[in-house]
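# Working through the structure, step by step
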Amino acid sequence: MSRSGHRAGGHWGSAGVFVVPYLILMLSWAFSNPPGAAPDEPDHLVKAIGMSSFDIGSKYTGAAVGNGGIGQQRNASISRVITVPGNLAPVGYTCYAFRTDTSAACLSKTTTSTTSRDVVDPLGSYPAFLYVPMGWVTALASTPTQAFLLVRLFCALVCSLLLLLGAAHLVRGLGRRALLGAFVGLTPMVVFSSSVVTTSGFEICAAFAVACVVVVGLRRPETLAESGTQLLLAGAGGTLILSRQLGAVTFALLMLLLLVRVGPAFFLRLLRAHRPALVSAVGILALCGVAVLVWERAYDHPSMVGSALSGPALGSFALKSYSVLESGVAQFGWLDTAVPPWVLALWIMLGVLLIGAAALLAPRSDRLTMLVWFLLLLLIAYFTYATVFFTVDAGLQGRHLLAFFQLIPLLAGVVLVERLDQLDSAVTARFFTLVAVVMPVVQVISLYVNARRYAVGSAGPVWFLPAAAWEPPLGWWPWLLLGLIGAVWLGRNIIMFGSMDATKSKEKEMADVER
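Predicted model only: the values in this text are computed from it and were never measured. (Residues numbered from 1 in each chain as written. Predicted model: local features only at pLDDT ≥ 70, side-chain atom pairs only at ≥ 80, totals over all residues. Heavy atoms only, no water.)

Here we take up the nonpolar core. Membership of the largest hydrophobic core comes to 151 residues, with the highest contact counts inside it found for F18, Y22, L179, F183 and V435. The element best represented in this core is helix α8 (residues 200-219), accounting for 15 residues. (Core = buried A, V, L, I, M, F, W, Y, C linked by side-chain atoms within 4.5 Å. Buried < 20%, exposed > 50% of the residue type's maximum accessible area, 1.4 Å probe, protein only. Helix = DSSP H or I, 4+ residues; strand = E, 2+ residues; numbered from the N terminus.)

Here is the structure:
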């Protein structure tokens, strides 16, 4: 038996049970969301196709595309021209973007071109490393629609694996109920981002796994000396660093947090031990960091970069902060498909209750950690908005911050379980029950709202199935039912995880009385 009370290897079973409903929900999203119905998804696909042959494209030197506005001018400064096979070029796959009253019926049905074509891709500055395996998957496709779906399935599987690894480490170190905060932090936007063609899902789920290592390390520093922990950090940390520019920042700050909380002396002892796993992990992470740094210096030179000291940017950021929150929870498509306000309010209520209660009950070190991390989140959000988005009149998306955010609900959940168990473990179980009611509702309503928007438009009938102008493969019923199964399974898991250890705590109390 481990410290958490599980038999050896039992943490893998618990982690598997934890991940299954999220994978089911990801599959529902991957099949039911129209191809191209995610921010810049066609451009991500083009970049992946190019990287399948290690082609980063040539620098674009032409005029700004589209209406030539300041956003297009900035995009032109970081765009690259990538040659893709004509049968895979995703042309016409944004015909419904920002047109919320329009269904996805305008999608191209077939692609007949056999001639390769040059595509201007505005994602030229994005680190290209993780696009390579995404691109290899497209070799199995003969149409853009097939390519979208295959890469989405690949992304969902990789993201589920990262969630599995993080959850297994958390359960092994702290027990099943340490996952309380994970159920809240894995918002519908996390599931959505993990099931579309983008590296955002990799970034968020890798950050989740690294945050699990950090949270366990804060409670049990000895786990950081284990080879398995070090290899997990190498894999998940390397993925986080290579995913996006902010991913490298998130990893660096997570490691800095460990250094401050655990103490430099502990890590000096680890380094002096020269263990093979640690040496390999440090080498892999250093190589990933250097790769991203070299890429940044070579290819990321956007025009119209703003100043972080801009007063107007600060005012605009304050006004748009709620929209950033909204898009980090449940705002889909090209940020043009929002859930009803009451759904968002449910998640906000639950998040505030979780984090607020944990902050009140936490020991000083954990309370300070959550406060500092939240302030860093705001600082990074503002800096990113002021330097990248404000000058081109664009908005910061909540998914850009979800990776950094993961630590807060994870740590809050651990603190809350620890403190409530000291009072009455039944109270902890009731908190799990509240989460089990709210989160499945938020997840399944998000899936349904997105489905309705693309089937009949956002102004169409609420019960849209008989009137659907666009349908996914096999129709709507299989994917909506699959999503419902995933949501119900998620609720069952949350209740089960909240009651298992509570029962064991009661058994322990009875044993203590008998002694």
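Mean pLDDT over the protein stands at 91; residues scoring 70 or higher make up 94%. Here residues 1-5 scores under 50 on pLDDT; set against residues more than four positions off or in separate chains, the count is 11 contacts. In this model, residues 505-515 is a region of pLDDT below 50 whose contacts with residues beyond four sequence positions or in other chains number 4 contacts. (pLDDT = per-residue confidence, 0-100. Contact = heavy atoms within 4.5 Å.)

Examined against the element boundaries, T428 turns out to sit in helix α18 (residues 425-456). There is a polar contact of 2.8 Å between the side chain of T428 and the side chain of D421. The contacts of T428, once residues within four sequence positions are left out, are R177, V417, L420 and D421. (Polar contact = N/O pair within 3.5 Å; in protein donor to acceptor, adjacent residues only side chain to side chain.)

The subject of this paragraph is the sheet that holds strand β3 (residues 117-121). With respect to topology, 3 strands assemble into an open sheet ordered β1-β2-β3, the strand pairing being antiparallel. The open sheet has two edge strands with one neighbour each: β1 (58-59) and β3. The pairing of β1 with strand β2 (residues 80-84) spans 2 bridges and is classified as antiparallel. Along β2, the bridge assignment pairs K59 with R80. (Pairing = 2+ DSSP bridges.)

Turning to the pattern of salt bridges, a few remarks are in order. Evaluated as defined, the whole model comprises 9 salt bridges. A salt bridge links R220 to E222; the shortest N-O distance between them is 3.1 Å. Residues joined in a network through salt bridges with shared partners are R219, R261, D366 and E418. (Salt bridge = Lys/Arg side-chain N within 4 Å of Asp/Glu carboxyl O.)

Time to look at the environment of V415. By the secondary structure assignment, V415 is in helix α17 (residues 407-423). Here the alpha-carbon distance between V415 and R367, two residues 48 residues apart in the chain, equals 9.4 Å. Ignoring any residue separated from it by four or fewer positions in sequence, one finds V415 in contact with R219, A358, A362 and D366.

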